[in-house]
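Commentary on secondary and tertiary structure
Take a look at the letters that make up each chain.
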Amino acid sequence: MQSPLIIAISGASGSGKSLFTENLFNGFSAQGRPVQVLREDHYYRAQDHLLMEAREKNNYDHPNAFEHELLKAHLQALRDGQPIDYPHYCFKTHTRLPDTERLNPAPVIILEGIMLLARADLLPLYDVKIFVDTPLDICLMRRMIRDIKERGRTIESVAKQYEETVKPMYHQFIEPSRFTADVVVTQGGKNQIALDVIKSHIQQALL
Ligand code: UZR
Ligand code: MG
């Protein structure tokens, strides 16, 4: 098999990365082209050894919160045509779930996550680097709604996390990583022109 095309999609939490990824993926799965989506969120470190109180205090917006070594090993394996055991993470308990999922290699791999472009050693692994650039106030509003609905949080806890880690770490790590991107996408996952441009690039690469 030809080496897969690896596309990394990054940007702030709440920027629309996941929707952009979803829309890109749907475009391809509709055409019957095999695409594998990997989320950096799944590679948050296991914290079974820590009490809940310590887990709640962890800085999840720092690159060290992720097991990037495992992500790197998985990308390498998929490149070599090997399957991987994809981890699953629980945002409510802040640790990995016991089960993993067997994923097979595919010609296109789409990765999405906040720190994908912030680690210099990961950059050479990607064929296409995309940064979804959305104003921070919009990201915060979306995040507030999502974290309360889906991640079991309160308004107070989202506001505290935002002030203490999300915003400062965004400025320290995510915002500067924008300059490593090949393409900067405004208007998030609904930017149809950006989706079409990237889809046609992928199609060309698959010929
Ligand atoms: P996305 N996060 C948690 O809140 N708890 C965890 O156990 C793991 C991650 C949050 C993290 C980050 N930050 O901003 C966000 N905080 O998940 C990244 N605070 O996920 O890209 O899906 O928004
Ligand atoms: Mg997301």
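Look up: the structure comes first, before these words.
Described in the following lines is the structure provided in the data block. Per chain, residues are indexed from 1 in the order of the written sequence. Labels are handed out in written order, letters beginning with A for the chains and numbers beginning with 1 for the ligands. Per-residue local features are limited, in this predicted model, to residues with pLDDT of at least 70; the limit for side-chain atom pairs, both in listing and counting, is 80 or more; totals at the level of whole chains, interfaces and linings are taken over all residues. The basis for every side-chain value is the complete set of non-hydrogen atoms in the structure, without hydrogens or water.

Looking at the overall build of the chain
- The helix and strand labels rest on DSSP assignments: H or I over at least four residues marks a helix, E over at least two residues marks a strand, and numbering proceeds from the N terminus. The helix and strand inventory of the chain stands at 6 helices and 7 strands.
- Sequence-ordered secondary structure for the chain, helices as α and strands as β, is β-α-β-α-α-β-β-β-β-α-α-β-α.
- Relative to its length of 207 residues, the chain is compact, with a C-alpha radius of gyration of 17 Å against a globular reference of 17 Å.
- Considering only C-alpha atoms, the chain reaches an extent of 50 × 35 × 30 Å along its principal axes.
- For every residue, the accessible area (1.4 Å probe, protein chains only) is compared with the maximum for its type, and the residue is labelled buried under 20%, exposed over 50%, or partly exposed between those bounds. Here the chain holds 207 residues, and 48% of them are scored as buried.
- By definition, residues are in contact when any of their heavy atoms lie within 4.5 Å. Look at the contacts in the chain between residues 6 or more apart in sequence, and 75% of them connect residues 24 or more apart.
- Here, Shrake-Rupley sampling with a 1.4 Å probe gives the accessible areas, and only protein chains in the shown set may cover a residue. Taken as a whole, the chain presents about 10,400 Å² of accessible surface, with 55% of it coming from carbon and sulfur. Based on C-alpha atoms, the radius of gyration is set beside the globule rule, defined as 2.2 Å times the residue count to the power 0.38.

With respect to the site of ligand 1
- The cutoff for a nearby residue is simple: one of its non-hydrogen atoms must lie within 4 Å of the molecule or strand. Near ligand 1 there are 17 residues, and of these Ser13, Asp61, Tyr89, His94 and Arg143 occur at the shortest range.
- The contact in question runs from an oxygen atom of ligand 1 to an N or O atom on the side chain of Asp41, over 3.0 Å.
- Think of a polar contact as two N or O atoms within 3.5 Å of one another; within protein, one of them needs to be a possible hydrogen donor and the other a possible acceptor, and neighboring residues in sequence only count if both atoms come from side chains. Side-chain polar atom of Gln161 to a nitrogen atom of ligand 1: 3.0 Å apart, as the coordinates give it.
- Contact with the protein chains covers 98% of the free accessible surface of ligand 1, which is 500 Å².
- Those elements that place two or more of their residues in the shell around ligand 1 are α4 (136–150) and α5 (155–177).
- Residue contributions to the shell around ligand 1 peak at 3 residues, all from α5.

These figures come from the coordinates and say nothing about function on their own.
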